[in-house]
Structure formats: C-alpha cells, structure tokens
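The chain contents come next:
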Amino acid sequence: MASLISYLNLEEESKRKKLWKTGYELRDRNSRPETSWRSESEQRIYSTKLVDALRLVRRNPSAADMVSSFREIREAADRVLAVEAKGRTRWSRAILASQLRLRLANNMKHKRAKVTGCSRPKRLEKKRFSPTLQRKARLLSRLVPGCRKVSFPNLLEEATDYIAALEMQVRAMTALTELVTGPPVDRLGSTSNS
Amino acid sequence: MSSRRSRTRQPGCSRISDDQINDLVSKLQQLLPEIRDRRSDKVSAGNVLQETCNYIRSLHKEVDDLSERLSELLASTDTAQAAIIRSLLKQK
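Residues numbered from 1 in each chain as written. Chains lettered and ligands numbered in written order. Predicted model: local features only at pLDDT ≥ 70, side-chain atom pairs only at ≥ 80, totals over all residues. Heavy atoms only, no water.

Visitor: I'd like to hear about the overall build of chain B, residue by residue, with values.
Guide: Across its full length, chain B holds four helices and zero strands. Going residue by residue from the N terminus, the α and β elements of chain B occur as α-α-α-α. For chain B, the residues scored as buried account for 40% of the 92 residues in total. For chain B, the share of sequence-separated contacts (at least 6 apart) that also reach a separation of at least 24 residues comes to 6%. Counting only carbon and sulfur atoms, one obtains 45% of the accessible surface of chain B, whose full area is about 5800 Å². (Helix = DSSP H or I, 4+ residues; strand = E, 2+ residues; numbered from the N terminus. Buried < 20%, exposed > 50% of the residue type's maximum accessible area, 1.4 Å probe, protein only. Contact = heavy atoms within 4.5 Å. Areas by Shrake-Rupley, 256 points an atom, 1.4 Å probe, with all protein chains shown as cover.)

Given below as structure tokens:
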C-alpha cells in the first residue's frame with residue numbers, strides 16, 4: 001500500500017488525472033512516442049524502481065506469508081512496468097486501474113470502475129474474419145489486460161507493445177535474481193539485444 | 001494514415017484496411033521467437049495469433065516464476081536486499 005501511494009505521489013495529481021482522461025481520447029498512436037522497451041536505459045529505470053518497490057514489501061520468514069509476498073512482488077513488478085508505459089497503452093492503464101480498484105475501492109470518491117469499459121466496442125467487419133480467427137483474437141484479447149473490447153488492429157498494437165514490455169520485465173527480473181544468487185540462469189538469453 | 005474519413009457502410013465504425021492489418025500482423029510476427037526462428041513466409045494470421053497467445057502465456061509464467069524466486073530470496077535473508085541495492089548502485 002505504501003509503495004503504491006509513493007508511486008502515486010511521484011506525479012502531480014493534475015498531471016496524473018490528465019493522463020487518465022486524455023489517455024482514452026488518444027486514438028492516433030502515431031502522435032505518441034512509444035516506449036522503447038528494448039533499450040538498456042528503460043531496463044535500468046525499471047530495475048531501479050522495482051528495487052525501490054521491493055524494499056517496501058513485507059518480508060517475513062513464515063510460510064504463510066510466502067504467498068502474499070509472492071503476490072506483492074508480482075503486483076509491484078506489474079505496477080512499475082505499467083507506470084513506465086506512461087499511460088500510452090491500454091494494457092498499462094488497465095493494470096493500474098485494476099490494482100487501484102482492488103486496493104482503494106473503499107476509500108476512493110471517484111469510482112474508476114468504468115476505466116476499461118470506456119471505449120465504445122468497435123464492431124469487427126465480420127465478413128473479413130473467419131470464426132477461427134475471431135476465436136483466436138478473443139483469446140488474445142483476454143491475455144492482454146484491458147483489451148477485451150478493442151478493435152482488431154488496436155488489439156494487435158497493444159499486444160505488440162505488451163510483449164515487448166513483458167520481455168523487458170523478464171530480463172530485468174532475471175538480472176535481479178542473478179545479482180542475488182550469482183550463477184546466471186538463461187531465460188531469454190539476450191544480453192546483446194538492446 | 002487516416003481512413004476514418006472515407007465512406008463506411010457502418011456508421012461510427014472506422015474502416016480497417018487489409019494493409020493495416022497485414023502490417024500489424026507482420027510486426028507481431030517479428031516479435032515471436034517461434035515464428036521468427038522458423039524463417040518461413042507461409043505464416044497465416046491464425047498462426048500468428050496462436051503463437052502470440054502462447055508466447056504471452058509463457059512470458060506470464062516466467063514473470064510468476066521470477067516473482068516467486070525473488071520472494072523466496074528476499075524472505076531468506078535481509079542482507080539479500082542490501083546486496084541487490086549495492087550491486088545496482090555499482091552499475092551506475
């Protein structure tokens with residue numbers, strides 16, 4: 001909770017609100033600079049912020065806390081990743097929104113429940129897509145956060161960005177565990193891929 | 001490229017061009033290690049979608065495993081935290 005609040009305080013409130021509102025209005029992706037998830041600097045930013053967040057995670061040696069500790073770490077990793085996207089993508093806003101809903105549901109005056117349902121569902125041109133393709137697109141839309149009702153091209157764009165971000169997340173977290181344990185474990189195996 | 005201004009049969013729905021879709025599909029294709037390594041041009045959109053789903057699922061699993069590992073490491077000793085932070089600071 002404390003770590004979430006500290007991240008919320010990082011940006012001024014008005015700036016944050018503007019991001020939330022205008023994020024849904026922005027449809028023309030060409031005008032928005034994209035996050036380069038492959039760059040080393042992005043990964044370093046992510047690693048540093050993740051360590052900051054991990055510092056605040058409760059650490060208790062008891063077995064009962066293992067599950068909640070894992071949950072907190074997973075959520076912190078996702079939250080830091082989503083924040084780094086700076087509101088440019090739907091999946092990142094959806095991650096933050098769902099975490100906010102879970103944690104602050106009782107305290108928040110402005111209900112953010114409509115966050116992911118804000119866009120009008122765009123109808124697919126049905127003659128273009130076969131049922132199998134539609135089914136696979138639906139599967140994909142369930143995997144990418146916040147993309148259940150977006151149009152097919154939107155979905156592909158979100159998925160593209162989401163995959164790049166996830167890869168960075170894996171690289172960064174792998175590097176972190178290597179720092180502590182020592183011997184390298186080959187995950188994605190890409191150190192020269194920036 | 002804005003194709004929204006062209007006439008559409010369905011009012012309120014933007015026309016999605018074939019080129020746009022193919023472009024996005026091929027961009028996605030480039031990201032997928034399975035398909036990229038196979039170096040085959042005969043990859044259907046359905047294939048790409050399927051591989052995308054599989055890849056995202058496997059990435060999710062990786063992150064879960066890494067989270068669990070980190071949680072074990074952090075729980076085991078307090079000095080682990082200090083070690084992480086020190087190493088990160090050294091890299092700068």
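Visitor: Before we move on, could you go through helix α3 (residues 40-55) of chain A and cite the residues and values that matter?
Guide: Residue and element names in this part refer to chain A. The terminal C-alpha atoms of α3, which comprises 16 residues, lie 23 Å apart, in line with the 22 Å expected from a rise of 1.5 Å per residue. Within α3 the residues assigned to the buried category are Glu42, Gln43, Tyr46, Ser47, Leu50, Val51, Ala53 and Leu54. End-on, the buried residues of α3 take up no more than an arc of 165°, which puts them together on one face. (Expected span 1.5 Å × (residues − 1). Arc of directions from axis to C-beta.)

Visitor: How would you sum up the pattern of salt bridges? Please name residues and give values.
Guide: Applying the stated rule across the entire model yields seven salt bridges over all chains. The salt bridge partner of Asp52(A) is Arg55(A), with a shortest N-O separation of 3.3 Å. With Asp52(A) and Arg55(A) both in helix α3, this residue pair falls three residues apart, about one helical turn. Between Lys61(B) and Asp65(B) there is a salt bridge, with its nearest N and O atoms 3.2 Å apart. (Salt bridge = Lys/Arg side-chain N within 4 Å of Asp/Glu carboxyl O.)

Visitor: Let's hear about unusual backbone geometry: which residues, and what values?
Guide: Peptide bonds are trans in most cases, and residues, glycine excluded, mostly fall at negative phi. A positive phi angle, near 55°, is found at Lys86(A), a position not held by glycine. Along the chain, Lys86(A) turns up in the loop between α4 (64-84) and α5 (90-104).

Visitor: I'd like a description of the packing of aromatic side chains, backed by residues and values.
Guide: All names here are of chain A. Applying the stated rule across the entire model yields two aromatic pairs over all chains. Plain terms: the ring middles of tryptophan 91 and tyrosine 162 are 5.0 Å apart, the flat faces sit at 50° to each other, and that makes the pair tilted. Of the two residues, tryptophan 91 sits in helix α5 while tyrosine 162 sits in helix α7 (residues 152-181), which places them 71 residues apart along the sequence. Across the pair, exposure class does not vary: tryptophan 91 and tyrosine 162 are buried alike. An aromatic cluster is built from Trp37, Trp91 and Tyr162, whose rings are joined through pairwise contacts. (Phe/Tyr/Trp six-rings, centres within 6.5 Å; stacked < 30°, edge-to-face > 60°.)

Visitor: Outline a positive patch on the surface, listing residues and values.
Guide: There is a patch of like positive charges on the surface, built from Arg135(A), Arg138(A), Arg142(A) and Arg148(A). On the basis of relative accessible area, Arg135(A) is assigned to the partly exposed category, the value being 45%. (Patch = residues over 30% accessible without salt bridge, like charges linked within 9 Å, V, L, I, M, F, W, Y side chains within 5 Å. Lys, Arg positive; Asp, Glu negative; His and termini not counted. Charge placed at Lys NZ, Arg CZ, Asp CG, Glu CD.)

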